[in-house]
Structure formats: structure tokens, C-alpha cells
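Architecture and fold: a report
Chain residues, written in single-letter form:
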Amino acid sequence: MLAVNDTKFKSVIFLLTGLPSHGDAHLWISILIFYIYVISIVGNTFILFIVKTDPSLHEPMYIFLSMLAITDLSLSLSTMPTILGVYLFNSREISLNACLAQLFFIHLLQCIESSLLLLMAFDRFIAIHNPLRYASILTLPRIAKMGLVAAVRAMVIILPLPILLKRFQYCRLNVLSHSYCLHRQVMTMACSDITVNIIYGLFTKLSTMGLDSLVIFLSYVMILKTVLSIASHEECLRALNTCVSHLCAILLFYIPEISLTVIQSFGKDSYPLLLILLGYTSMLLPPLINPIVYSIKSKQLRLRIIKLFTK
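This section reports on the structure supplied with the text. Everything numeric here is computed off the predicted structure, so don't read it as measured data. Along each chain, residues carry numbers from 1 onward, in the same order as the chain's sequence is written. For this predicted model, a pLDDT threshold of at least 70 governs which residues receive local features, and a threshold of 80 or more governs which side-chain atom pairs are given and counted, while totals over whole chains, interfaces and linings are taken from all residues. Working from all heavy atoms in the structure, the side-chain values ignore hydrogens and water.

**Considering the overall build of the protein chain**
Note on conventions: DSSP H or I runs of at least 4 residues are helices, E runs of at least 2 residues are strands, and numbering of each starts at the N terminus. The secondary structure content of the protein chain amounts to 13 helices and two strands. Evaluated residue by residue, the protein chain yields a buried proportion of 48% over its 311 residues. Residue-level accessible areas treat just the shown protein chains as cover; the underlying method is Shrake-Rupley with a 1.4 Å probe. Total accessible area computed for the protein chain in this model is approximately 16100 Å², and 72% of it derives from carbon and sulfur atoms. Only four residue types enter the tally: Lys and Arg on the positive side, Asp and Glu on the negative side, with His and both chain ends excluded. Positions of charges follow a simple convention, taking NZ of Lys, CZ of Arg, CG of Asp or CD of Glu. Side-chain charges in the protein chain split into 23 positive and 14 negative, and the spacing between the mean points of these groups amounts to 5 Å. Burial classification: accessible surface area is computed with a 1.4 Å probe over protein chains only, and a residue below 20% of its type maximum counts as buried, one above 50% as exposed, and the rest as partly exposed.

So this is what it looks like as C-alpha cells:
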């Protein structure tokens, strides 16, 4: 009996789904998603190359930006096989183990990105509140330790998710509503009691994105308080301008995630298409837009890019 159950467990297959489309619409969506991935990968790789090769960019702000680029690049690579597989090759099947591996990396990288946005808020606060001690507070060894803590924290919190899902039997119609795997989607396919997963899933959201977004908000309250105390209007605007790129990254990351959480918690299945669109927004837009915004808004980065292309 045990051998039969084990065989059944190992043969679990999930079916991925894309946006409801047919004919030319499906073709154009496929092309759009393909180019989003190309631009995301090239953009983040380009950011890493410029920061690595230019010693003048070896500053805390750009080191944190490099960490964000690595995370965005990894997130793109973790979702790309299944999303492009669904749209370009109509490859919808994914095994349980592959699905668990993908959802682990997706949630891990999202948790790390949330932590990095918090660290970048701390970076902006120190740069504005205490500019004279900025370099002495955010030293390279300290930044490396902060990055390591963010990664370890994410690993400790996210690792139980696939472990909890692995123990289930799956006997329902295993059709996922996305073209990638997420914890919430997979756990609803189980034919066992998922109360522990629901509680732990809520805990991971509150202890990562919930806590991080609250601390980021408090950081910007203190940043605003510091900026408003600056006598010169020009210096005040210059200080705020250094935060624009980071604020864009925060909005791109947290608005879709918070919206998804609220709709899934209270709207249930009332807005299936909106849930799918928000899911794609949270997965595809941050890796696409972050390098573009930072390249435009950061003067040093912009000049370095112009210099590279005008040689």
C-alpha cells in the first residue's frame, strides 16, 4: 500500500495556464512576454557589468543596486522556463518536484527583494540624515553582512513552504491559474487539511513583506522629517530626488503583492483575470522597470552608460 501511495505521489502532474487568449492575441502576448524577459535580463546584466567595471560606482547605493539586480535577474530566470514554455510551446505540464522547486525560488527571491528594498531605504536615510558618516557606517564588510542576513532570513522563512507541501496527497484536478507555481495555488490542490499551510503562509507574508513595508514607511517618515528641516529649498529637492528611483522600486514591488493578498483574502474567486494580471505584474515588471528607472534617474549611472556607448 505504501509503495502504491509513493508511486501516486511521485506521478503528480500540475497543469499551468496562461492568459485566456486565442489566435493573434496569443501570439502578440507571447512576443510581448518574450521581449520583457530579454530586456529584463539584458538590463540587469548591464547594471551589474557597469557597477563592477567602474570603481567610482563602488559605493553603498550602487552595491545595494547590484544586489537588487542579481535578485531581479534570478527571479526572471526562475519564472522564464514555465511562462515561455506555456506561451511559446504550449508546454503546460510540470511535475510536483519541479513545481515545489520553482515556488521555493520565487518566494525566496521575493523575500530577499523585500529585504533589499528595506536595506536601500536604510541607505537613503543614512545618506540624507548623516551624510558625513555615510561611508563609515555603510562599509563594504557591513553591507556584505547585511546582504547575507537578508539571504539567510529568507531561506529560514521560505524553506518550510515546499516541505509542508511535499507531505500532501494531491487528488484534485491539478490545474493552476498561473503559468508558474506559487505556494497558495499548490496548497489548494491538496486533498488534505491545509490549515497549517494557510497559517504559515500568512506568517511568511506578515514577517517579510508586511514587516519590511512597515519599516520602509517609517524610514521615509524620518527621511521626510530630515529633508523638511533643511533650510535650502534646492538642497531639499536634491535630497528627495535621490529617493525617486527607490520609491519607484518600492511601488512596483509592493502594490501588486499587497493587492494580490487583499483580493485573495477577501475577494476569493471574484476577480480571476485581475488576479492573473496582478500576478504577472509582480513577476515581470520589477525586473523590467528597475534597471530602466535607476539608469535614467541616477546621474552617475547615466553618465557611465552614455560614456560606454560613445566610446
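Moving on from the coordinates now.
**Structural notes on the state of the cysteines**
Note on terminology: disulfide denotes any pair of cysteine sulfur atoms within 2.5 Å. Scanning the model with the defined rule gives one disulfide in all. Cys-99 shares a disulfide with Cys-181; S-S distance 2.0 Å. Of note, the bridge from Cys-99 to Cys-181 carries an S-S torsion of about -120° and is left-handed in sense. Of this pair, Cys-99 sits in helix H4 (residues 96–129) while Cys-181 sits in the loop between helix H7 (160–166) and helix H8 (183–187), and the two are 82 residues apart along the sequence. Among the cysteines around Cys-243, which has no disulfide bond, Cys-236 carries the closest sulfur, lying 10 Å off. For Cys-243, a relative accessible area of 1% puts it in the buried group. Looking at the unpaired Cys-248, the closest cysteine sulfur is the one in Cys-243, lying at 11 Å. The partly exposed category is assigned to Cys-248, whose relative accessible area is 29%.

**Focus: the side chain of Arg-304**
Looking at the element boundaries, Arg-304 is found in helix H13 (residues 299–309). Only 3.1 Å separates the side chain of Arg-304 from the side chain of Asp-54, close enough to count as a polar contact. Excluding its chain neighbours within four sequence positions, the residues that come into contact with Arg-304 are Ile-50, Thr-53, Asp-54 and Leu-57. For this analysis, a polar contact is any N or O atom pair within 3.5 Å, provided that within protein one partner can donate a hydrogen and the other can accept it, and provided that sequence-adjacent residues contribute only side-chain to side-chain pairs. Note on contacts: a residue pair is in contact if any heavy atoms of the two residues lie within 4.5 Å.

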